[in-house]
Amino acid sequence: METIGILGTGRMGVRLACMFAEAGRDVILASRDIERSSRLVLGLKNSNLRSGSYADAAAAQFVLPAMFLRDGMLNILEPLRDQLDGKIYIDISNPFNDTYTDFILPWDTSGAEQIQNHFPKTRVVGAFKNVWWEVFDAPKFGDMVSDVFVVSDDTQAKTKLFNLTENTPFRYLDAGKLSNARTIERMTLLSGELGQRYGYFPRMNYKLLGEQWIPGEADRISSLILNS
Ligand SMILES: NC(=O)c1ccc[n+]([C@@H]2O[C@H](COP(=O)([O-])OP(=O)(O)OC[C@H]3O[C@@H](n4cnc5c(N)ncnc54)[C@H](OP(=O)(O)O)[C@@H]3O)[C@@H](O)[C@H]2O)c1
């Protein structure tokens, strides 16, 4: 069975560990403080979960660091560089500042691209960036399943991520190239602001609404516009 190593036992790390374990994946939940991850794993009571150090988690086939860039994530991962080579790195980062009012990166880059540039031999796939932590506890909105936008420049890595997420309670959309993370990450900044204004925060996510479209009768007004 393929193993996912999750580094960080905060809001996202623990929930993603539970989600993947419940979907039948083998998960290592890792902390800087191994006693903390052991206690958490004991309390979570899922036989697909085990605890470990960051180095243990970085030995997994899929590595998912669940920490903030602003907390020095790239430096924290530096000692694991050799282990990360060739791995699929599931990047969930949004480069928020300490007050969550803005990003620490300019508009012409993204957390995902910074990570890929810093660790060029890893296969970075961006995902879960818009899913606020509370959503994992009750993923459906009524009977509606929400979306996870998946970005990468590595098509095979993206396919592996899609396979890995089988049986998890989201719809996964291929959101294209890694640099699309610039938009997707900033969508989180927007949803945070909107959610607080309308009282949804942090129970919110995006869903792309659409229908298969076949040109036809509904096109009548377009034809009129063109031909008048
Ligand atoms: N919160 C959300 O709703 C959400 C949604 C989508 C994406 N994200 C992204 O997910 C990542 C994690 O977010 P989170 O909300 O789960 O963060 P969090 O609750 O603050 O947890 C971050 C974890 O990082 C680890 N860590 C390692 N070095 C650290 C340091 N120097 N200072 C503080 N923590 C350190 C800690 O785990 P250990 O002590 O166990 O090592 C900590 O529990 C971020 O990149 C964020 O942008 C968050």
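Worth saying up front: this structure is predicted, and the values here are computed from it rather than measured. (Residues numbered from 1 in each chain as written. Predicted model: local features only at pLDDT ≥ 70, side-chain atom pairs only at ≥ 80, totals over all residues.)

## A few points about the overall build of the protein
- Check the secondary structure of the protein and you find nine helices and eight strands.
- In summary, the protein has a C-alpha radius of gyration of 19 Å against a globular reference of 17 Å for 228 residues, a match within 12%.
- Along the three orthogonal principal directions, the C-alpha set of the protein runs to about 70 × 35 × 35 Å.
- Burial analysis of the protein (228 residues in total) assigns 39% to the buried set.
- Taking the intrachain contacts of the protein between residues at least 6 apart in sequence as the baseline, contacts between residues at least 24 apart amount to 69%. (Helix = DSSP H or I, 4+ residues; strand = E, 2+ residues; numbered from the N terminus. Rg over C-alpha atoms; globule rule 2.2 N^0.38 Å. Buried ≥ 20, exposed ≤ 12 C-beta atoms within 10 Å, placed from the backbone. Contact = placed C-beta atoms within 7 Å.)

## A look at the confidence of the model for the protein
- Here the protein shows a mean pLDDT of 97. Residues at 70 or above account for 99%.
- Within the protein, the element-level pLDDT minimum falls on helix α9 (residues 220–227), averaging 87, and the maximum on strand β6 (residues 123–126), averaging 99. (pLDDT = per-residue confidence, 0-100.)

## Description of the site of the ligand
- Taken together, 26 residues are adjacent to the ligand, and T9, G10, M12, S31 and M67 come closest.
- Looking at the shell around the ligand element by element, the count peaks at three residues for helix α1 (residues 11–22).
- Split by residue class, the shell around the ligand holds twelve nonpolar, eight polar and six charged. (Near = placed C-beta within 6 Å. Nonpolar A, V, L, I, M, F, W, Y, C, P; charged D, E, K, R; others polar.)

## As for the sheet that holds strand β3 (residues 49–52)
- Pairing within the open sheet is parallel, and its six strands lie in the order β3-β2-β1-β4-β5-β6. Whereas interior strands pair on both sides, the edge strands pair on one side only; in this sheet they are β3 and β6. Across the sheet, the mean angle separating the axes of adjacent strands is 25° when strand polarity is ignored.
- The pairing of strand β1 (residues 3–7) with strand β4 (residues 62–65) spans four bridges and is classified as parallel. Bridge pairing in β4 places L7 opposite P65.
- Running over the sheet, α1 touches β1, β2 (26–30), β3 and β4 and is turned about 165° from β2. (Pairing = 2+ DSSP bridges. Axes fitted to C-alpha atoms, helices over the stretch in contact; angles between N-to-C directions.)

## Side note on the pairing of strand β5 (residues 88–91)
- A two-sided burial pattern is seen for β5, the buried positions comprising I88 and I90 on one face and Y89 and D91 on the other.
- Note: β4 against β5, two bridges, orientation parallel. Looking across to β5, one finds that F62 is bridged to I88.
- Each parallel crossover has a hand, and for β5 linked through helix α6 (residues 111–118) to β6 it is right-handed. (Right-handed = clockwise from strand over helix to strand, strands pointing away.)

## A word on α6
- Of all eight residues in α6, six are buried; the element is thus mostly enclosed.
- Burial in α6 covers these residues: G111, A112, E113, Q114, I115 and Q116.
- Taken together, the buried residues of α6 touch β5, β6 and α8 (181–198).

## Things to note about unusual backbone geometry
- Here the residue pair F201 and P202 is connected by a cis peptide bond, since its omega of -5° sits within 30 degrees of zero.
- Take P202: it is sitting in the loop between α8 and α9.
- For N167, which is not glycine, the phi torsion reads 75° and is therefore positive.
- Relative to the helices and strands, N167 is located in the loop between α7 (155–164) and β8 (171–174).
- Overall, N167 belongs to the exposed group, with 11 C-beta atoms counted inside 10 Å.

## What to know about the environment of A21
- Note on placement: A21 falls in helix α1.
- For A21, a count of 21 C-beta atoms within 10 Å gives the class buried.
- Each C-alpha atom of the pair A21 and S47 lies 8.0 Å from the other, and the pair is 26 residues apart in sequence.

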